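# Structural overview for review
Next come the chains, spelled out residue by residue.
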Amino acid sequence: MNPRFLAAALFGALLAVPFAPASAAEREPYGIGLEGFPYPYPVQMLPLVNDGEQLRMAYMDVAPTKPNGRAVVLLHGRNFPSSYWAPVIKTLTDAGYRVVVPDQVGFGKSSKPQGDLHFDNLARNTVALLDHLQIAKADIVAHSMGSMVGIRIARAYPDRVNHLLLTAPIGLEDYRLYVPPTPTEKILENEEKLTADGYRKQLETNYSLKLPPDQVTPFIDARFNIKGSAEYPRWLRAFVASAQLIYREPVVHEIPLITQPTLFIMGADDHNAPGRPNAPEALRPKMGHNADLAKALSAQMPNARAEVIANTGHLVFLEAPAKYDELLLGFLASQ
């Protein structure tokens, strides 16, 4: 069987598995590069050097049947492997777009660095991938934390970006204004205590998910099957580094300066605000008004608008796929 179709079949089978939470003893361990977790298309590796460390960046490069000459880069969120873009990849390739889907360094099947993560490095890595693939200019479609990366790319490399689509972005506010600094060791301790069932509840609550349990299960597996790996402590430290990245390197102050055509697609029920449990109780209600924040920011930009999809949470492209695809394709086709 063609490896691409085999991978797609495996991914589809994974999504179809009924919800049956496994204990830690029952879980087949994944490697910290998500070895054992299927992706929908073949994965390739780009060698990189970040802060003197030799790393590899995983990516999928999916060709359309009838190319329209344009490329789209899909940028994933913090809690999700890039494989979750599978339905959007199909929508875009069916419409003629070449689709490039990286796992940022520190995530998914990419290397887990020893040190801190920085948005400048993630943006530079993504542009290095475009250079490697000989893509001069691309449309950026990003989700959640990936939108913070996309914003940094649009600001640092404006000549490489045609359109910028921010899907349920975080980073629309400066979390440092609400949340006191949290020691890395404290975050590590909290993550170590988290159970698979607790993580499921965290995702469903924080992200206001409207998905059936079986569609959430792959995200639980991608997080918890790694716990059996001998390298789990290294994975966990990289995961915690990404939480500190979001807190320490806000991008909201850059958003009004973006000149490329920009579309925010927001879930009306998405009030995700990283770090909110650590904020003083009186400040917590002020955080996470993401749809309103997107509208306010887009009004300050020269070429932007915000669309809000009702009855939808943080995973808007999976929860309202028809409406999302309509907005996505319409926006990319615009001048």
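Structure: above.
A quick note: this is a predicted structure, and the numbers were derived from the prediction, not measured.

Conventions and cut-offs
Residues numbered from 1 in each chain as written. Predicted model: local features only at pLDDT ≥ 70, side-chain atom pairs only at ≥ 80, totals over all residues. Heavy atoms only, no water. Helix = DSSP H or I, 4+ residues; strand = E, 2+ residues; numbered from the N terminus. Rg over C-alpha atoms; globule rule 2.2 N^0.38 Å. Buried < 20%, exposed > 50% of the residue type's maximum accessible area, 1.4 Å probe, protein only. Areas by Shrake-Rupley, 256 points an atom, 1.4 Å probe, with all protein chains shown as cover. Lys, Arg positive; Asp, Glu negative; His and termini not counted. Charge placed at Lys NZ, Arg CZ, Asp CG, Glu CD. Salt bridge = Lys/Arg side-chain N within 4 Å of Asp/Glu carboxyl O. Phe/Tyr/Trp six-rings, centres within 6.5 Å; stacked < 30°, edge-to-face > 60°. Lys NZ or Arg CZ within 6 Å of the ring centre and 35° of its normal.

A few words on the overall build of the protein. In terms of helices and strands, the protein carries 11 helices and 8 strands. For the protein, whose C-alpha radius of gyration is 19 Å, the value lies close to the compact-globule estimate of 20 Å for 335 residues. With the C-alpha coordinates of the protein rotated into their principal frame, the extents come out at 60 × 55 × 45 Å. Looking at the 335 residues of the protein, the share that counts as buried comes to 57%. Summed over all atoms, the accessible surface of the protein reaches about 14000 Å², with 54% contributed by carbon and sulfur. The distance from the centre of the 32 positive side-chain charges to the centre of the 34 negative ones in the protein is 2 Å.

Tallying each qualifying case throughout the model produces 15 salt bridges. Of the charged contacts in the structure, one is a salt bridge between Lys323 and Glu326, with a shortest N-O distance of 3.8 Å. Residue Lys323 and its partner Glu326 are both found in helix α11 (residues 321-333); the two are separated by 3 residues, about one turn of the helix.

Attention shifts here to the packing of aromatic side chains. Going through the model one piece at a time under the given rule, you end up with 13 aromatic pairs. By the ring-pair criterion, three or more aromatic residues cluster together here, those being Phe80, Tyr84, Trp85, Tyr207, Phe219, Phe317 and Tyr324. Across from the ring centre of Phe239, 3.9 Å away, lies the NZ or CZ of Arg78, which sits over that ring. Residue placement shows Lys109 over the ring face of Tyr39; its charged tip is 4.8 Å from the ring centre.

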